[in-house]
Amino acid sequence: MSALYHFPHCPFCIRVRMSLGFLDIPYVSKVIDYDDVETPTSLIGKKMLPIWEDQDGAINESLDIILKLDAENSLATKDFYESGTVRKELEDFISALGGPIHNLTWPIWIYTKEFSPTARDYVLKKKEEKKGPFKNLIERKEEFLKELAPLLQKIEVELIPFYQSSHVTIKDILIASHLWGLYVVPEFQFSDAIHAYLQKIKKQCLFNYTDELWL
């Protein structure tokens, strides 16, 4: 059976898992430790997840994986993949969304059951080189929440009831995969509209984010 190598917290991995659930594709889930360099390197030559392995071999890059999985274009993945300006605009928006979300969530993620002590030390060394000490991120939480607010408002006005659509598409997969992380932030609360949106996606994609992190 095909296998997905992934990190539970990773939004790019979550994209693929949500798509697999929506498309009802069976697979073997292979969670690897964050400090496991050998496994992904042996599959694709570098440390990068997610990795999808099937009879054709191993591939990474989340959108490439979803394009392959969505052979019947049920999520309109092919249309989005080839959409040029539309794709770039959404990817730029998601990049802007990911900045404050990751600054809020990383100091919490590292204390979930996903991270062993050695993996936690690995994360701190790697991430703090780029982001600075996590304690400083925690102190700046109000700044990140303020940065996030207009981005969430932009999403909310586009819900009909899914993002720019009456049904789930790849756009929802890409957006929701980042938004899930905010459920672990004690100081944050979604609006009723976005919470309801995420719960609808959760049902259609057979995906439960918080149970997996904490149980």
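Up top is the structure these notes are about.
Caption draft 1: Expanded view of the side chain of asparagine 103. Turning to its location among the elements, asparagine 103 is positioned in helix H5 (residues 85-109). With relative accessibility at 15%, the residue asparagine 103 sits in the buried group. Side-chain polar atoms of asparagine 103 contact the side chain of lysine 131, separated by 3.0 Å.

Caption draft 2: Seen up close, empty space enclosed by the protein. Under the definition given, this model contains one cavity of 30 Å³ or more. Taken as a whole, the largest cavity holds about 40 Å³ of empty space. What lines the largest cavity is simply His9, Pro11, Ile14, Ile101, His102, Trp109, Ser177, His178, Gly181 and Tyr209. Residue contributions to the lining of the largest cavity peak at three residues, all from H5. For the lining of the largest cavity, a count of residues per class yields five nonpolar, five polar and no charged.

Caption draft 3: How the structure looks around the state of the cysteines. Taken as a whole and assessed by the stated rule, the structure comprises zero disulfides. Left without a disulfide partner, cysteine 13 is nearest to the cysteine sulfur of cysteine 10, which lies 3.2 Å away. We classify cysteine 13 as buried; its relative accessible area is 0%. Take cysteine 205: it sits in no disulfide, and the sulfur closest to it among the cysteines is that of cysteine 13, at 16 Å.

Caption draft 4: How the structure looks around the sheet that holds strand S3 (residues 51-54). Spatially, four strands are ordered S2-S1-S3-S4 in an open sheet, and the strand pairing comes out mixed. Looking at strand neighbours, the two that pair on one side only are strand S2 (28-31) and strand S4 (57-60), the edges of this open sheet. Taking the axes of each pair of neighbouring strands and ignoring which way they run, one obtains an average angle of 20 degrees across the sheet. Inspection of the sheet shows S3 paired to S4 by four bridges, in the antiparallel sense. By the bridge assignment for S4, tryptophan 52 is matched with isoleucine 59. Its contacts with the sheet put helix H1 (residues 11-23) on strand S1 (3-6) and S3, and the angle it makes with S1 is roughly 150 degrees. Against the sheet, helix H3 (residues 62-69) engages S3 and S4, with an angle of about 125 degrees to S4.

Caption draft 5: Region of interest: unusual backbone geometry. In this model, leucine 49 is joined to proline 50 through a cis peptide bond whose omega is 5 degrees. Tracing the backbone through its elements, the reader meets proline 50 in the loop between helix H2 (38-44) and S3. Here the amide bond leading from isoleucine 160 into proline 161 is cis, since omega sits at -5 degrees, within 30 degrees of zero. Tracing the sequence through the fold places proline 161 in the loop between helix H8 (141-156) and helix H9 (170-179). Here the phi dihedral of aspartate 24 falls at roughly 55 degrees; this positive angle occurs in a residue that is not glycine.

Reading the values: rules and limits
Residues numbered from 1 in each chain as written. Predicted model: local features only at pLDDT ≥ 70, side-chain atom pairs only at ≥ 80, totals over all residues. Heavy atoms only, no water. Helix = DSSP H or I, 4+ residues; strand = E, 2+ residues; numbered from the N terminus. Buried < 20%, exposed > 50% of the residue type's maximum accessible area, 1.4 Å probe, protein only. Polar contact = N/O pair within 3.5 Å; in protein donor to acceptor, adjacent residues only side chain to side chain. 1 Å grid on protein atoms, 1.4 Å probe; cavity = no way out; pocket = protein on both sides within 12 Å on 5 of 7 lines; lining within 4 Å. Points joined across faces, edges and corners; volume = space filled by probe spheres on them. Nonpolar A, V, L, I, M, F, W, Y, C, P; charged D, E, K, R; others polar. Disulfide = S-S within 2.5 Å. Pairing = 2+ DSSP bridges. Axes fitted to C-alpha atoms, helices over the stretch in contact; angles between N-to-C directions. Contact = heavy atoms within 4.5 Å.

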